[in-house]
Amino acid sequence: MTPTPSRVLTATSHWRPTAALGRALVVSGIALAVALVVGDPSLVVIAAPFVLLVALSLVHRPTREPRLDSHLDHVILHEGQGTTARLAMADVDEVEFVTRVAGRPPYVALRPSGGYVGRLLAEGVPDVEISPRRWGRRFLGEEYVALYTPWAGFRYGPIALGGQQVRVLPVTPPYDSRAEVPQPLGLVGAHRSRRPGSGTELAGIRTFQAGDRLRRINWRVSLRTGALHVVTTRAEEDTGVLLVVDALADHGPSDGIDGAASSLDLTVRAAAAIAEHHVRTGDRVALRVVGRGGEQVGYGAGARHLRMIQDRLSTIQVGEVAEGAGADDGVLRLGVTGGAVVIVMSPMLAESVGTVAATLTRRGVTVLVIDTLPPDARPPRLDGVEPGLVDLAWRMRRIERSVVLDRLAMLGCPVVAWRGPGTVDDVMRRLARRAQQPRVAVR
Amino acid sequence: MPLVAVLPTSQLLLRALVLLGPVVALLATGPAGHWPPWWVVVPVVGLAGAFAAVPDSPVGVGLFLVVLVWWTISLGDDIQPAAMVAAAALLVAHLAAQVASYGPATLPVELATLRLWGLRAVVLLATIPATWAAARLLRGQPEPAGVWILATAAAVAATVVATVALGDHREA
């Protein structure tokens, strides 16, 4: 969570008599007047407590206008994390009671439940805790505030206090992979390379050559053979991982972090988890979002780079790619560099994504497709469209999708469904083994 | 979902008092031999229900005035102990509506708030037997000279004070 400097909005209103004061005033006044006119002492008895109540309320008539500010403790959060909306007040000596009613934007949980809280000021200013339940940009902290004088004779507000834009980063589900990447081809890293170097993984034992380090000499073999032998190891290098996120559409219902996940939820969370894993292992990670926003992050490593990727993921805009923005005649341009591993996270319902995965695979690029279509995804019901027709179209679309996935598998592009930790381990190992073998690439 | 189902317990309790108070005040004339007819009771119950649903609405004023009118026409200048019951019931309903309207219907009212208003209710309720006793003592006494002029002047002064107090307080 990232704390934020106080960004406050100051709202103004003015004191007004409450309905209760008006009611007490009218009842007591009329009761006394009628009692005097008709000589009914019962009405005086009934009016007496109301007269005292009115008097006490008027005695506490406020004279100063309070000033209210509101702010959130944090403006960058992960899904499921929470922050506190605090109310700062000045000139509230005459205030006895505070009521706060927080706005309820979608995918946001509030505490107290419903975002309604009222408290005597002597007990402290009530706070409202806010927890966004889904990644994205959310406008949080909007609320209405009302203040009351002692005996509730006068009310200030309710006044609207503005909220703040909060970036909700995708949560990174527990994810770890022990599989090596297929084509480590970079600088110093953690992956076993094909070429020899100064790593720790044994590559073989050969006779000593000029330039070999003395500490590499294997004395046991040297004594047995009568000639100096050295241990050779394989270099350990990092690799480039390009994450391709399909944001062309969002399929299935999304209930935030606590409920059902849509295709885009799975995509974004998978991308965040994989990015975090590879950044931690020292790899260079890039992001390319296929969607209306066309968000992208170049190759980089480190915690700041990971935060940048998470930021971009949280600002994804769903929709078709704009004309000329990374697409030529419907063919996507991803800017894949040599040696990079491309991980495509997509529900694979868009033709362009399947095409680009197939094209890259045929060019010899290591491509892995992570299928993020929820099993229970259904098209939304639209007014004026026959449900039977929608279901038929959806079934046809899924059949086409399965054909695309089969063809990708035939080309050698593995497709796995996202299931959290270990999703890509087996596939990565197979890709790594395949990368050791010579093959012909189509260019 | 019905509103009652989502109301917190404190609001349900307060609104029950808002509903029952005026009805009890109306029926309090019964023991004195003046039971209200059904065509009075039913509208009062209806108005009390509306008042309980929207405690900061003007319905409350109308409801209380109906009860006052019934008391005026039913008992006349007779002073009964039941007047204390009616006064207490109306006051409790009024205070319950006041606390219930601190916020939306789903705003839970904290125990400290209920405790404070309970104490205040006790203070206000204490005026009822005192007033009733004073009325009983002064009943039948000759009117002091100028009492009506004094009462009228007091009423006018109270009206002026209230008007000033309830006026627009925005600073220039």
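Up top is the structure.
The structure reproduced in this document is the subject of the present report. Just so you know, these numbers come straight off a predicted model, no measurement behind them.

This paragraph deals with the pattern of salt bridges. Residues and elements named next belong to chain A. Applying the stated rule across the entire model yields 18 salt bridges over all chains. Residues Asp91 and Arg64 are paired through a salt bridge, measuring 3.7 Å at the closest nitrogen-oxygen approach. Taken together, the residues span a long stretch of sequence, with Asp91 in the loop between strand S6 (83-90) and strand S7 (97-102) and Arg64 in the loop between helix H2 (41-59) and strand S4 (67-72) at a distance of 27 residues. For Asp91, a relative accessible area of 28% corresponds to the partly exposed category. For Arg64, a relative accessible area of 35% puts it in the partly exposed group. In this structure, the salt-bridge partner of Glu129 is Arg111, at a minimum N-O distance of 2.6 Å. Here Glu129, found in strand S10 (residues 128-132), pairs with Arg111, found in strand S8 (residues 108-111); they are 18 residues apart in sequence, far enough to count as distant. Taking relative accessible area as the criterion, Glu129 reaches 33% and is therefore assigned partly exposed. Arg111 sits in the exposed class, given a relative accessible area of 55%.

This part takes up the environment of Pro62 of chain A. Tracing the backbone through its elements, the reader meets Pro62 of chain A in the loop between H2 and S4. In this structure Pro62 of chain A touches Trp15, Glu94, Thr149 and Phe154 of chain A, once residues within four positions along its chain are discounted.

Once that is clear, we can look at the sheet that holds strand S24 (residues 366-371) of chain A. Residues and elements named next belong to chain A. Across the sheet, six strands lie side by side as S20-S19-S18-S23-S24-S25; this open sheet has mixed pairing. Single-partner strands in this sheet number two, and they are strand S20 (296-300) and strand S25 (415-417). Strand after strand, the sheet turns through a mean of 20° between neighbouring axes, direction not considered. Where strand S18 (residues 240-246) lies against strand S19 (residues 284-290), seven bridges are found, and the strand directions are parallel. Note on S19: the bridge partner recorded for Gly240 is Arg284. Running at roughly 165° to S20, helix H5 (residues 303-314) makes contact with S18, S19 and S20 of the sheet.

Another point: helix H4 (residues 59-75) of chain B. Its 17 residues give H4 of chain B an end-to-end C-alpha distance of 25 Å, which sits within 8% of 24 Å, the value for a rise of 1.5 Å per residue. What H4 of chain B keeps buried is the set Gly60, Val61, Leu63, Phe64, Val67, Leu68, Trp70, Trp71, Thr72, Ser74 and Leu75 of chain B. The inward-facing, buried residues of H4 of chain B contact helix H1 (19-38) and H2 of chain A together with helix H2 (9-27), helix H3 (38-53) and helix H5 (82-100) of chain B.

Let us look at the interface of chain B and chain A. Of the residues lining the interface, 56 residues belong to chain B; the matching set on chain A comes to 50 residues. For the pairing of chain B and chain A, the buried interface totals around 4,400 Å² over both sides, and the portion due to carbon and sulfur atoms is 72%. Linking chain B with chain A are two salt bridges, by the criterion used here. The salt bridge involving Arg119 of chain A is made with Glu110 of chain B; its shortest N-O contact spans 3.1 Å. If you look at where chain B meets chain A, you find eight residue pairs in polar contact (both at pLDDT 80 or more).

Residues and elements named next belong to chain A. With antiparallel pairing, the five strands of this open sheet are ordered in space as S3-S13-S12-S7-S9. Two strands lie at the open edges of the sheet, namely strand S3 (15-17) and strand S9 (116-120), each paired on one side alone. Averaged over neighbouring strand pairs, the angle between their axes works out to 20° when direction is ignored. Pairing analysis gives five bridges linking S7 to S9, with the strands arranged antiparallel. The partner of Val98 across the bridge, within S9, is Arg119.

Moving on: the pairing of S20 of chain A. Residue and element names in this part refer to chain A. Relative to S20, S19 is paired through three bridges, and the arrangement is antiparallel. Bridging across to S20, Arg288 finds its partner in Gln296. Once S19 ends, the chain turns through five residues before running back antiparallel as S20, passing Gly294 with a positive phi of about 60°.

Further remarks concern the pairing of strand S11 (residues 136-140) of chain A. All names here are of chain A. Only one face of S11 is buried, namely the one carrying Gly136, Arg138 and Leu140, since none of Arg137 and Phe139 on the opposite face is buried. In terms of strand pairing, S11 meets strand S14 (residues 164-169) through five bridges, oriented antiparallel. If you follow Leu140 over to S14, its bridge partner there is Gln164.

Glancing now at a nonpolar patch on the surface. All names here are of chain A. Together, Phe208, Leu214, Trp219, Leu223 and Leu228 make up an exposed nonpolar region whose accessible area comes to about 570 Å². Note on placement: Leu223 falls in helix H3 (residues 219-225). The exposure class of Leu223 is exposed, given its relative accessible area of 71%.

A few words now on unusual backbone geometry. Residues and elements named next belong to chain A. Omega for the bond connecting Arg111 with Pro112 falls within 30 degrees of zero, at 5°, which places this linkage in the cis form. Note that Pro112 resides in the loop between S8 and S9. At Asp91, a position not held by glycine, the phi torsion is positive, near 55°.

Let's shift gears to the nonpolar core. Counting 76 residues, the largest nonpolar core has Leu68 and Leu147 of chain A together with Trp71 of chain B as the members making the most contacts within it. It is H5 of chain B that provides the largest number of residues to this core, a total of 13 residues.

Definitions and cut-offs
The numbering scheme is per chain: residues are counted from 1 as the chain's sequence reads. A letter from A marks each chain and a number from 1 marks each ligand, given out in the order of writing. Totals for whole chains, interfaces and linings use every residue, but because this is a predicted model, local features are given only for residues with pLDDT of at least 70 and side-chain atom pairs only at 80 or more, for both listing and counting. Side-chain figures throughout are based on the complete set of non-hydrogen atoms in the structure, without hydrogens or water. The working definition used for a salt bridge is a side-chain nitrogen of Lys or Arg within 4 Å of a carboxyl oxygen of Asp or Glu. Helix and strand labels come from DSSP, where a helix needs a run of H or I of at least four residues and a strand needs a run of E of at least two; each type is numbered from the N terminus. Relative accessibility decides the category of a residue: with a 1.4 Å probe and only protein chains considered, values under 20% of the type maximum give buried, values over 50% give exposed, and everything between is partly exposed. Contacts were defined at the residue level, with two residues in contact if any of their heavy atoms lie within 4.5 Å. Criterion used throughout: strands pair if DSSP finds at least two bridges between them. All axes here are fitted lines through C-alpha atoms, helices being fitted over the stretch that makes contact, and every angle between N-to-C directions spans 0 to 180 degrees. Multiply 1.5 Å by the residue count of a helix minus one, and that product is the helix's expected span. Buried area is calculated as the accessible area (1.4 Å probe) missing from two parts once they are joined, with the contributions of both summed. Any pair of N or O atoms that falls within 3.5 Å is considered a polar contact. Within protein, one atom must be able to donate a hydrogen and the other to accept it, and sequence-neighbouring residues count only if both atoms are side-chain atoms. Residues enter patches when they are more than 30% accessible in relative terms and free of salt bridges; like-charged ones are connected within 9 Å and nonpolar ones (Val, Leu, Ile, Met, Phe, Trp, Tyr) within 5 Å. Only the protein chains shown count as covering a residue, and every accessible area follows the Shrake-Rupley method with a 1.4 Å probe. Throughout this description, the term nonpolar core refers to a set of buried Ala, Val, Leu, Ile, Met, Phe, Trp, Tyr and Cys residues connected via side-chain atoms within 4.5 Å.

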